[in-house]
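These are the residues of each chain, in order.
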Amino acid sequence: MLSVKEGKMTKFQKKLLFILLGLCIITPIGIFIPMFFDAGDAWGEWSAETVKDLIGYTPAGLEKYSDVWNAPIPDYTMNVDDTSVVHQSGYYIVSGIVGASLTYVVMLLISKLIVRDEE
Amino acid sequence: MHIPDGYLSPQTYIPLMGVFVAATAIAVKKVRKDVSARNIPYLGMAAAFSFIIMMFNLPIPGGTTGHAVGSAVIAILLGPWAAMVAVSVALIIQALIFGDGGITAIGANCFNMAVFMPFVAYYTFKLFGARPAAKSRVFIAAFVSGYLSLVMTAVLTAVEFGIQPMIASAPDGKALYCPYDLSIAIPAMAIEHLVLFGIVEGVITAMIVRYFLKNESGLIYAFGKGGKND
């Protein structure tokens, strides 16, 4: 998927694509380092249950809206219950590649719709 | 910094969605005018980069996590309007596919990280008046641009969280949405971004701008090149 329009790409652009792919592969750093330093959720991104633990109740609006959407790959993992760090790293890499490729392709399509050069 | 569903009241997320949609309409026109077709691959890569960089969670030891956004470097390299579109695409895919950031909060999250942040970053960078030849000045300008824009975006997000207890509470005084007010939200969000996440955004911004200055300096939008007429 990353090779869309590759024919028209410069050498420098291809190099950047490989760097992006490399970044996808090392994304599990984003799991390991927080784990090592015992850091949890981002501020304001707690689940409804966590908020209840923090303040003693679940705000009604939070309760109502928190499950409004069921994302196909929630939290960048295909199996939340899998406790294996190796498996979670794998899920994270796959999520990174799927998400970044999708973002790349969608942005290319949107850009082509927007930018209409007279060539 | 991805506000989930249920933290913002409709009085907050609906106007922010409106502002985001209006800004997008302007961005489409600006990008059409500003961006050359040969730079389309960069737009795609910029969006993908923003998506990936947000996966690198960094810890405040024993506390919360956060991450860089990438909006600053994209604004400097491709312009704030192109950055707006690119980062919005990343944020919307994060929300729809990965549940990172709420569906109802898409407008708010895009306004914060894809509209506000690239514009703060771009004009901060421009304020330094750095010319391409002055490499260390460019480096410093890019660092400050990344640092300041992320910190200010964190404060903006904290304001959106923190006003919720004021504008939407149950009759018994219990919070309906985000339960923390401004006096808690602003210090919490500001400090973690001042001491860590902002620095990371700054370093990433400075390093990538330097890399482009060396390899593809003609592209850099903030230097007034890379448009259709170069």
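Undergrad: Lay out the overall build of chain B with the relevant residues and their values.
TA: Assigned secondary structure in chain B consists of 8 helices and 2 strands. Reading the secondary structure of chain B in the N-to-C direction produces α-α-β-β-α-α-α-α-α-α. Computed over C-alpha atoms, the radius of gyration of chain B comes to 18 Å, within 12% of the 17 Å expected from 2.2 N^0.38 for 230 residues, which places it in the range of a compact globule. Its C-alpha atoms give chain B principal-axis dimensions of about 60 × 35 × 30 Å. When burial is assessed residue by residue, chain B has 61% of its 230 residues classed as buried. Across chain B, contacts joining residues at least 24 apart in sequence account for 75% of those joining residues at least 6 apart.

Undergrad: So, the overall build of chain A: which residues are in play, and what are the values?
TA: Looking only at helices and strands, one finds 5 helices and 0 strands in chain A. The N-to-C order of helical and strand elements in chain A reads α-α-α-α-α. Computed over C-alpha atoms, the radius of gyration of chain A comes to 19 Å, more than 25% over the 14 Å expected from 2.2 N^0.38 for 119 residues, which places it beyond the range of a compact globule. Along the first, second and third principal axes, the C-alpha set of chain A runs to 65 × 35 × 20 Å. Residue pairs at least 24 apart in sequence account for 48% of intrachain contacts in chain A once pairs closer than 6 positions are excluded.

Undergrad: Outline the nonpolar core, supporting the account with residue identities and numerical values.
TA: By size, the foremost hydrophobic cluster in this structure holds 107 residues, and its most contacted members are Leu43, Ala47, Ile76, Ala86 and Val87 of chain B. Val87 of chain B has contacts with Ser50, Val69, Ser71, Ile74, Met113, Ala114 and Pro118 of chain B, leaving out every residue within four places of it along the chain.

Undergrad: How would you summarise the interface of chain A and chain B if you had to cite specific residues and measurements?
TA: Taken together, the contacts link 60 residues of chain A with 61 residues of chain B. At the level of secondary structure, the elements contributing two or more residues to the side of chain A that touches chain B comprise α1 (11-25), α2 (29-36), α3 (48-55), α4 (60-65) and α5 (85-114) of chain A. For the side of chain A that touches chain B, the element with the most residues is α5 of chain A, which contributes 14 residues. A class-by-class count of the residues in the side of chain A that touches chain B yields 38 nonpolar, 12 polar and 10 charged.

Undergrad: Go over the confidence of the model for chain A with me, naming the residues and quoting the values.
TA: Here chain A averages 90 in pLDDT, and 92% of its residues register 70 or above. For residues 1-6 of chain A, every residue scores under 50 in pLDDT, and the model assigns this stretch 11 contacts once sequence neighbours within four places are set aside.

Undergrad: Go over the environment of Tyr221 of chain B, please, and point to the residues and values.
TA: Residue and element names in this part refer to chain B. With respect to the secondary-structure elements, Tyr221 resides in the segment after α8 (182-215). With 22 C-beta atoms packed within 10 Å, Tyr221 lands in the buried category. Between the C-alpha atom of Tyr221 and that of Val151, which follows or precedes it by 70 residues, the distance is 23 Å.

Undergrad: Explain unusual backbone geometry residue by residue, including any values.
TA: All names here are of chain A. Of note, Asp75 is a non-glycine position whose phi angle comes to about 55 degrees, a positive value. Its location among the elements puts Asp75 in the loop between α4 and α5. In this model, Tyr76 sits at a positive phi of 60 degrees, which is unusual for a non-glycine residue. If you trace the backbone, Tyr76 turns up in the loop between α4 and α5. In this structure Tyr76 comes out as buried when scored by C-beta crowding, with 24 C-beta atoms within 10 Å.

Undergrad: Account for the environment of Asp41 of chain A, naming residues and giving values.
TA: Its place among the elements puts Asp41 of chain A in the loop between α2 and α3. Taking the C-alpha atoms as reference points, Asp41 of chain A and Leu23 of chain A, separated by 18 residues in sequence, lie 22 Å from one another. Each residue touching Asp41 of chain A, except ones within four places of it in the same chain, is listed here: Trp46 and Thr50 of chain A together with Thr64 and Thr65 of chain B.

Undergrad: Residues and numbers for the environment of Leu23 of chain A, please.
TA: With respect to the helices and strands, the residue Leu23 of chain A is situated in helix α1. Here the alpha-carbon distance between Leu23 of chain A and Tyr104 of chain A, two residues 81 residues apart in the chain, equals 14 Å.

Undergrad: Can you break down the domain arrangement of chain A residue by residue, with the values?
TA: Assigned domains of chain A: these are domain 1 (43-72) and domain 2 (75-119). Distance from the C-alpha centre of domain 1 of chain A to the C-alpha centre of domain 2 of chain A: 26 Å.

Undergrad: I'd like a description of the confidence of the model for chain B, backed by residues and values.
TA: When pLDDT is averaged along chain B, the result is 95; 97% of the residues meet or exceed 70. Confidence estimates for the predicted assembly give a pTM of 0.94 and an ipTM of 0.93.

Undergrad: I'd like to hear about the packing of helix α2 (residues 40-53) of chain B against helix α4 (residues 80-98) of chain B, residue by residue, with values.
TA: All names here are of chain B. One way to put it is that α2 packs onto α4 with a least axis distance of 8 Å and a crossing angle of 45 degrees. Taken together, the axis directions place α2 and α4 in an arrangement best described as oblique. Viewed along their axes, α2 and α4 form a crossing whose handedness is right-handed. Listed contacts from α4 to Leu43, Ala46, Ala47, Ser50 and Phe51 of α2 are Ala82, Ala86, Val87, Val89, Ala90, Ile93 and Gln94. For the contact of α2 with α4, the class distribution of residues is 10 nonpolar, 2 polar and no charged.

About the cut-offs
Residues numbered from 1 in each chain as written. Chains lettered and ligands numbered in written order. Predicted model: local features only at pLDDT ≥ 70, side-chain atom pairs only at ≥ 80, totals over all residues. Helix = DSSP H or I, 4+ residues; strand = E, 2+ residues; numbered from the N terminus. Rg over C-alpha atoms; globule rule 2.2 N^0.38 Å. Buried ≥ 20, exposed ≤ 12 C-beta atoms within 10 Å, placed from the backbone. Contact = placed C-beta atoms within 7 Å. Core = buried A, V, L, I, M, F, W, Y, C linked by C-beta atoms within 7 Å. Nonpolar A, V, L, I, M, F, W, Y, C, P; charged D, E, K, R; others polar. pLDDT = per-residue confidence, 0-100. Domains from an automatic or database assignment. Axes fitted to C-alpha atoms, helices over the stretch in contact; angles between N-to-C directions. Parallel < 35°, antiparallel > 145°, perpendicular 65-115°, else oblique. Left-handed = near helix turned anticlockwise from the far one by under 90°.

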